[in-house]
Amino acid sequence: MSQPCPILSEFDIVFAGGGTTACVAAGRLAACDPSLKILILEAGEHTLDQAAHVQPYQYVTHQAPTSTTLTPNVGNPSPCLNNRAPIVHCGHCVGGGSSVNFMVYTRAPASDFDDWGADGWESENLIPLMKKLETYEVQPDGPTHGDSGPIRVSYGSRKTGLWEEFVHVGTTYHKRPYANDTDDLETCNTYSPWAKYISGTTGRRSDVAHHYVYDQAHNPNLQLWVGKLVKRVIFEDKRAVGVEFTCDSVFCPDANQSSSIVRASKLVVVSAGAFGSPAILERSGIGAEGVLKHCGIEQLVNLPGVGENYRDHNGCFVPYFAADGAVTLDPLWRGEGSVVQESLVQWESNGKSLIAQNGCDAKIKWRPDEDELRAMGSAFQTPWKEFFQDRPDKAVAIFALCAGYAPLSSAFPLRNYLGAGYFTLYPRSVGSVHIKPGENGKEDLDFTTGYLDDPSDIVPLNFGYKKMREIFRRMPSYRGEVTSGHPCFPEGSAAVCSETSGPVDLGGPDIIYTAEDDEVIDKFHRDCVQTSWHLLGTCAMKPESDQGVVDARLNVYGVAGLKVADMSIAPKNVGTNTYSTALLIGEKAAVIIAEDLSMYCRPCTTS
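Residues numbered from 1 in each chain as written. Predicted model: local features only at pLDDT ≥ 70, side-chain atom pairs only at ≥ 80, totals over all residues. Heavy atoms only, no water.

Trainee: So what about the overall build of the protein chain? Which residues, and what values?
Mentor: The secondary structure content of the protein chain amounts to 15 helices and 22 strands. Taking the principal axes of the C-alpha coordinates as reference, the protein chain spans close to 70 × 55 × 50 Å. Relative to its full complement of 607 residues, the protein chain shows a buried share of 60%. Summarising the internal contacts of the protein chain: among those between residues at least 6 apart in sequence, 73% fall at separations of at least 24. Accessible area for the protein chain stands at about 23500 Å²; split by element, carbon and sulfur atoms hold 51% of it. On the protein chain, the mean spot of the 51 positive side-chain charges and the mean spot of the 73 negative ones are 2 Å from each other. (Helix = DSSP H or I, 4+ residues; strand = E, 2+ residues; numbered from the N terminus. Buried < 20%, exposed > 50% of the residue type's maximum accessible area, 1.4 Å probe, protein only. Contact = heavy atoms within 4.5 Å. Areas by Shrake-Rupley, 256 points an atom, 1.4 Å probe, with all protein chains shown as cover. Lys, Arg positive; Asp, Glu negative; His and termini not counted. Charge placed at Lys NZ, Arg CZ, Asp CG, Glu CD.)

See the structure below:
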């Protein structure tokens with residue numbers, strides 16, 4: 001007979017997970033009422049003043065195979081990916097994705113939130129919160145931007161100059177306009193420099209751990225316990241009263257794996273992300289009958305939407321050679337001693353140098369024109385007509401330049417590189433995430449990404465490869481393709497990749513691809529397309545009858561005292577890198593919880 005889990009202590013609110021949304025909500029609530037006893041349980045490690053988390057250029061280190069700050073989630077093999085099993089990582093440290101992401105500043109069109117159809121989540125209600133959370137250093141008087149929030153947005157420190165080449169080709173060859181700000185919640189199909197979640201003053205990453213939680217270390221009632229993996233929610237008569245947790249096996253491999261319980265007198269908030277949150281609910285007996293029965297878990301509430309509706313953005317990153325004189329982050333990423341030391345000295349002195357850069361310098365939220373639509377063929381006509389055509393603020397994809405190529409292979413020459421990134425924003429394919437029994441009684445993951453299941457989803461990727469290649473071929477710093485990172489076109493094809501001595505003429509002809517070339521590009525994407533780390537939707541905020549898991553107040557259907565607050569509640573995809581949306585959900589969750597607990601917090605103003 002198993003021994004009862006020891007009850008360690010009691011708090012008013014317990015957050016199961018310490019990622020972006022949890023830190024924002026917990027930090028706001030603690031600042032509003034310092035007497036409120038709040039506990040954040042995070043499976044991963046501390047990030048306080050750690051170089052890998054505060055020095056922007058080091059974001060690439062978290063992608064290393066030996067990294068413990070990301071958790072790999074292996075998907076089921078898919079015939080649409082040539083039977084490949086895709087891997088999707090999620091944050092595994094305090095601050096979650098905000099502590100490890102690429103720091104690119106992008107915001108969804110306002111209409112995305114209106115499309116959610118959730119009371120209180122309309123864009124007009126959310127814009128004040130968007131402004132409240134940020135200090136937009138790029139253009140302080142922007143009508144939809146904030147000027148006094150904890151999260152700072154700038155262009156980083158030193159610009160590489162490559163963004164000007166990308167934008168020039170985009171506005172001439174690609175014939176799209178230019179604007180300084182394409183994140184005003186409506187502008188689309190326009191080239192712009194790419195702002196970043198980096199302080200323009202200190203040159204540090206602008207994450208939630210440092211700006212919502214660590215800065216309240218003086219408050220003993222806001223506690224953060226790391227290395228604690230939440231297993232399930234504890235209920236009494238269908239009311240959440242606490243959580244059961246154990247030591248995380250990655251963070252604490254030698255620790256005792258026995259469970260403990262911490263009680264919550266007012267509320268439990270599950271904030272473990274698109275993978276962790278549905279898993280916690282299913283272990284707690286909340287989910288589909290078939291899933292729970294397969295795992296030997298007694299069902300508490302029948303919510304078949306738990307773990308369903310998994311959505312992401314499909315992305316691809318392709319390398320090009322850059323001119324020897326081009327300024328890129330490659331020397332820093334390779335760890336070239338003199339370059340790193342000189343840059344660090346300057347950064348520590350005044351927050352400048354390429355240490356305060358991510359290399360992601362320019363972008364366009366792209367929509368196809370009539371010629372491009374014709375080139376994309378009939379397979380994309382249905383999503384275009386049903387979703388995009390009459391909604392000019394909805395981009396099909398983001399095309400982006402990176403000054404350097406982060407996934408450098410040891411086989412690559414010590415050169416400068418350009419990275420072409422393109423990812424689709426509203427793919428139609430949908431996946432799922434569930435727990436299942438594994439070997440030796442351990443829990444395993446039943447994860448179906450859904451990537452490219454809908455035949456239309458690969459079309460903008462195939463076109464994006466061609467269009468980005470044409471743009472890069474015309475940039476003055478272009479020196480050819482790194483062939484190992486491109487489709488392997490047949491010998492004799494006009495599309496064969498190679499190194500070259502310089503760009504083609506700005507008005508020169510495009511590459512002509514044959515039907516065989518198109519098949520090669522299609523295969524390339526099925527072999528290489530990957531997550532954009534924008535996973536969401538698995539505890540969707542929808543009506544229960546529509547496979548919803550939480551209502552508009554973030555309450556889990558069928559129980560009391562339990563909310564979910566993270567990207568898993570987003571019912572539909574958002575046309576953005578999702579850090580901005582996770583921040584917003586955290587701010588909104590804080591408002592909702594404060595209202596539920598009759599707390600008074602300073603209201604947002606719309607001015």
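Trainee: So what about empty space enclosed by the protein? Which residues, and what values?
Mentor: The final tally for this structure, using the stated rule, is six cavities of 30 Å³ or more. Roughly 110 Å³ of volume is contained in the largest cavity. For the lining of the largest cavity, the secondary-structure elements that each account for two or more residues are helix H4 (123-133) and helix H15 (579-596). In this structure, the second largest cavity occupies an estimated 90 Å³ of space. Residue composition of the lining of the second largest cavity, by class: seven nonpolar, three polar and two charged. (1 Å grid on protein atoms, 1.4 Å probe; cavity = no way out; pocket = protein on both sides within 12 Å on 5 of 7 lines; lining within 4 Å. Points joined across faces, edges and corners; volume = space filled by probe spheres on them. Nonpolar A, V, L, I, M, F, W, Y, C, P; charged D, E, K, R; others polar.)

Trainee: Describe the packing of helix H1 (residues 20-32) against H15, naming the residues involved and giving the relevant values.
Mentor: Helix-helix packing is described using two parameters, namely the angle between the two axes and the distance between the axes. In contact at an axis separation of 8 Å, H1 and H15 are set at 35° when each is read in the N-to-C sense. As H1 runs across H15, the sense of the crossing is right-handed. Packed against H1, whose contacting residues are Thr20, Thr21, Val24, Ala25, Arg28 and Leu29, the element H15 presents Tyr579, Ala582, Leu583, Ile585, Gly586, Glu587, Ala589, Ala590, Ile593 and Ala594 at the interface. Its residues placed into classes, the contact of H1 with H15 shows 11 nonpolar, three polar and two charged. (Axes fitted to C-alpha atoms, helices over the stretch in contact; angles between N-to-C directions. Left-handed = near helix turned anticlockwise from the far one by under 90°.)

Trainee: Break down the state of the cysteines for me, with residues and values.
Mentor: The final tally for this structure, using the stated rule, is zero disulfides. Here Cys90 is not disulfide-linked; the sulfur of Cys93 is the nearest cysteine sulfur, at 10 Å. Residue Cys402 stays outside any disulfide, its sulfur separated by 4.3 Å from that of Cys360, the closest cysteine. For Cys402, a relative accessible area of 13% puts it in the buried group. (Disulfide = S-S within 2.5 Å.)

Trainee: So what's going on with the nonpolar core? Which residues, and what values?
Mentor: Of all hydrophobic cores here, the largest spans 173 residues; its most connected members are Phe15, Leu29, Trp121, Ile286, Phe472 and Leu562. Looking at which element gives the most residues to this core, the answer is H15, with 10 residues. With near-sequence residues (within four places) excluded, Ile286 lies in contact with Phe235, Leu281, Leu292, Val301, Leu303, Val306, Val556, Val559 and Leu562. Phe321, Phe412, Tyr417 and Val482 belong to the second-largest nonpolar core, a separate cluster that totals five residues. (Core = buried A, V, L, I, M, F, W, Y, C linked by side-chain atoms within 4.5 Å.)

Trainee: Quick one: what's the story with helix H14 (residues 515-528), residue by residue and with numbers?
Mentor: The terminal C-alpha atoms of H14 lie 20 Å apart, and with 14 residues this matches the ideal 20 Å at 1.5 Å per residue to within 8%. What H14 keeps buried is the set Asp517, Val520, Ile521, Phe524, His525 and Arg526. (Expected span 1.5 Å × (residues − 1).)

Trainee: Describe the pattern of salt bridges, listing the residues and the values that go with them.
Mentor: If the charged atoms of two oppositely charged side chains come close together, the side chains can form a pair. If you walk through the whole model with that rule in mind, you get 34 salt bridges. A salt bridge links Arg176 to Asp369; the shortest N-O distance between them is 3.5 Å. Note that Arg176 is positioned in the loop between helix H5 (162-172) and strand E7 (191-193) and Asp369 in the loop between strand E15 (360-366) and helix H11 (370-376), a separation of 193 residues in sequence. The exposure class assigned to Arg176 is buried, which follows from its relative accessible area of 7%. Here Arg553 makes a salt bridge to Asp596, at a shortest N to O gap of 2.8 Å. Of this pair, Arg553 sits in the loop between strand E21 (530-531) and strand E22 (562-564) while Asp596 is found in helix H15, placing the two residues 43 residues apart along the sequence. A single salt-bridge network, built from bridges that share partners, covers Asp112, Asp115, Arg391 and Lys394. (Salt bridge = Lys/Arg side-chain N within 4 Å of Asp/Glu carboxyl O.)

Trainee: For the side chain of Lys363, give the residues involved together with the corresponding values.
Mentor: Within the secondary structure, Lys363 sits in strand E15. A polar contact is formed between the side chain of Lys363 and the side chain of Thr182, at a distance of 3.1 Å. (Polar contact = N/O pair within 3.5 Å; in protein donor to acceptor, adjacent residues only side chain to side chain.)

Trainee: Any chance you could break down the pairing of strand E11 (residues 260-270) for me, citing the residues and the numbers?
Mentor: Most of E11 sits inside the fold, with eight of its 11 residues counted as buried. Of the strand pairs in this sheet, strand E10 (residues 239-247) and E11 are connected by four bridges, and their pairing is antiparallel. In the sheet register, Glu244 faces E11, and the bridge partner there is Ile261. Where E11 lies against E22, three bridges are found, and the strand directions are parallel. Counterpart to Val269 in the pairing with E22 is Lys563. (Pairing = 2+ DSSP bridges.)

Trainee: Kindly report on unusual backbone geometry, identifying the contributing residues and their values.
Mentor: Notably, Asn82 is not glycine yet its phi reads approximately 55°, a positive angle. With respect to the helices, strands and loops of the structure, Asn82 is situated in the loop between strand E3 (70-74) and strand E4 (87-91). Exposure remark for Asn82: the relative accessible area of 36% places this residue in the partly exposed category. At Trp533, a residue that is not glycine, the phi angle is positive and equals roughly 60°. Here Trp533 is to be found in the loop between E21 and E22.

Trainee: Any details on the side chain of Lys394? Residues and values, ideally.
Mentor: With respect to the helices and strands, the residue Lys394 is situated in the loop between helix H12 (381-388) and strand E16 (397-402). Of the polar contacts made by the side chain of Lys394, one reaches the side chain of Ser111; its length is 3.0 Å. With sequence-adjacent residues up to four places away left out, Lys394 is seen in contact with Pro109, Ser111, Asp112, Asp115, Cys188, Arg367, Phe387, Phe388 and Tyr426.

Trainee: Could you give an account of the environment of Lys175, naming the residues involved and the relevant values?
Mentor: Relative to the assigned elements, Lys175 resides in the loop between H5 and E7. A C-alpha to C-alpha distance of 33 Å links Lys175 and Val60, two positions 115 residues apart in sequence.

Trainee: Report on the packing of aromatic side chains, specifying residues and quantitative values.
Mentor: One pass over the structure, following the stated rule, counts 31 aromatic pairs. Their ring planes at 40° and their centres at 5.3 Å tell us that Phe102 and Trp533 sit as a pair that is tilted. Note that Phe102 is positioned in the loop between E4 and helix H3 (110-116) and Trp533 in the loop between E21 and E22, a separation of 431 residues in sequence. On the basis of an interplanar angle of 55° and a centroid distance of 4.9 Å, the ring pair of Phe387 and Tyr426 is categorised as tilted. On the criterion of sequence distance, the pair formed by Phe387 in helix H12 and Tyr426 in the loop between strand E17 (417-424) and strand E18 (432-437) is long-range, its members being 39 residues apart. Owing to a relative accessible area of 23%, Phe387 belongs among the partly exposed residues under this scheme. Residue classification places Tyr426 among the buried residues on the basis of a relative accessible area of 12%. (Phe/Tyr/Trp six-rings, centres within 6.5 Å; stacked < 30°, edge-to-face > 60°.)

Trainee: Could you give an account of the packing of helix H13 (residues 459-473) against H14, naming the residues involved and the relevant values?
Mentor: Contact geometry of H13 with H14 gives a least axis separation of 10 Å together with a crossing angle of 110°. What the angle tells us is that H13 and H14 run roughly perpendicular. The way H13 lies across H14 gives a crossing that is right-handed. When H13 is examined against H14, the residues Leu461, Asn462, Tyr465 and Lys466 are found in contact with a partner set consisting of Asp518, Ile521, Asp522 and His525. Looking at the contact of H13 with H14, its residues break down into three nonpolar, two polar and three charged. (Parallel < 35°, antiparallel > 145°, perpendicular 65-115°, else oblique.)

So, to be careful, I would describe these as geometric facts and stop short of saying anything about function.
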